[in-house]
Amino acid sequence: DTLTIEPDEQRFTVVWRAHITLRQSIHEMDMLIVGKPSPGWEHARMVDKPYVAMTDLNAFGRQYEQMRLEQERSEQTGESDEFGG
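Since we're looking at a predicted model, the values are computed, not measured. (Residues numbered from 1 in each chain as written. Predicted model: local features only at pLDDT ≥ 70, side-chain atom pairs only at ≥ 80, totals over all residues. Heavy atoms only, no water.)

Novice: Help me understand the overall build of the chain in this model?
Specialist: Helix and strand content of the chain: two helices and two strands. In the chain, the succession of α and β elements from N to C terminus is β-β-α-α. Taking 2.2 N^0.38 as the reference for a compact globule, 85 residues should give roughly 12 Å; the C-alpha atoms of the chain span a radius of gyration of 19 Å, well beyond that estimate. Seen through its principal axes, the chain has C-alpha atoms that stretch 55 × 40 × 25 Å. Counting every position in the chain, which comprises 85 residues, the buried fraction comes to 2%. Here the analysis covers contacts within the chain between residues at least 6 apart in sequence; of these, 0% occur between residues at least 24 apart. By element, 52% of the accessible surface of the chain is carried by carbon and sulfur atoms, the whole surface being about 8,300 Å². The chain carries 9 positive and 16 negative side-chain charges, and their two centres are separated by 6 Å. (Helix = DSSP H or I, 4+ residues; strand = E, 2+ residues; numbered from the N terminus. Rg over C-alpha atoms; globule rule 2.2 N^0.38 Å. Buried < 20%, exposed > 50% of the residue type's maximum accessible area, 1.4 Å probe, protein only. Contact = heavy atoms within 4.5 Å. Areas by Shrake-Rupley, 256 points an atom, 1.4 Å probe, with all protein chains shown as cover. Lys, Arg positive; Asp, Glu negative; His and termini not counted. Charge placed at Lys NZ, Arg CZ, Asp CG, Glu CD.)

Novice: Before we go on, may I ask you to explain the pairing of strand S1 (residues 2-6) in this structure?
Specialist: A regular strand places its side chains so that they alternate between the two faces of the sheet. Where S1 meets strand S2 (residues 11-15), five bridges bridge the pair, whose relative direction is antiparallel. Bridged to Glu-6 within S2 is Arg-11. Between S1 and the antiparallel strand that follows it, S2, lie four residues; Gln-10 among them carries a positive phi value of about 50°. (Pairing = 2+ DSSP bridges.)

Novice: I would appreciate a short explanation of a nonpolar patch on the surface in the present structure.
Specialist: Judged by side-chain polarity, Leu-3, Ile-5, Phe-12, Val-14, Trp-16, Ile-20, Ile-26, Met-29, Leu-32 and Val-34 come together as a nonpolar surface patch covering roughly 1,100 Å² of accessible area. Every element with two or more residues in the nonpolar patch is listed here: S1 and S2. Within the fold, Val-14 resides in strand S2. (Patch = residues over 30% accessible without salt bridge, like charges linked within 9 Å, V, L, I, M, F, W, Y side chains within 5 Å. Salt bridge = Lys/Arg side-chain N within 4 Å of Asp/Glu carboxyl O.)

Novice: Explanation requested: the pattern of salt bridges in the structure shown.
Specialist: Any two side chains of opposite charge can pair, so long as their charged atoms come close to each other. The tally for this structure, following the rule as stated, stands at five salt bridges. Note that Glu-72 is salt-bridged to Arg-68, the shortest N-O span being 2.3 Å. One end of the pair is Glu-72 and the other is Arg-68, both in helix H2 (residues 57-77) and four residues apart, which spans about a single turn. The exposure class of Arg-68 is partly exposed, given its relative accessible area of 31%. Taken together, the salt bridges that share partners define one network made up of Glu-65, Arg-68 and Glu-72.

Given below as C-alpha cells:
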C-alpha cells in the first residue's frame with residue numbers, strides 16, 4: 001500500500017489492496033467511494049441526479065451554459081449534435 005504526495009503537481013496518489021467478489025467482470029463495479037459520502041451526494045445518487053458540490057457550482061454553471069449555447073447554435077444551423085438536436 002502506497003501514498004505518493006507530489007506537492008509541485010498539487011497531486012497525491014493512493015494505491016491499496018482490496019478484495020471484492022464479482023460475478024462476471026470488473027465492469028460490474030461502476031463506482032468506488034473512499035470515505036463517507038455527503039448526504040447531498042447520497043440523495044442525488046438515490047434520485048438519479050448529478051451531484052455538484054457547492055465549491056464546484058460556478059464551474060458547473062459555466063459548463064452547463066456553454067453546452068446550452070452550443071445546442072442553441074446547432075439548432076439554429078440545423079446541425080445535429082450528441083443531444084439529438
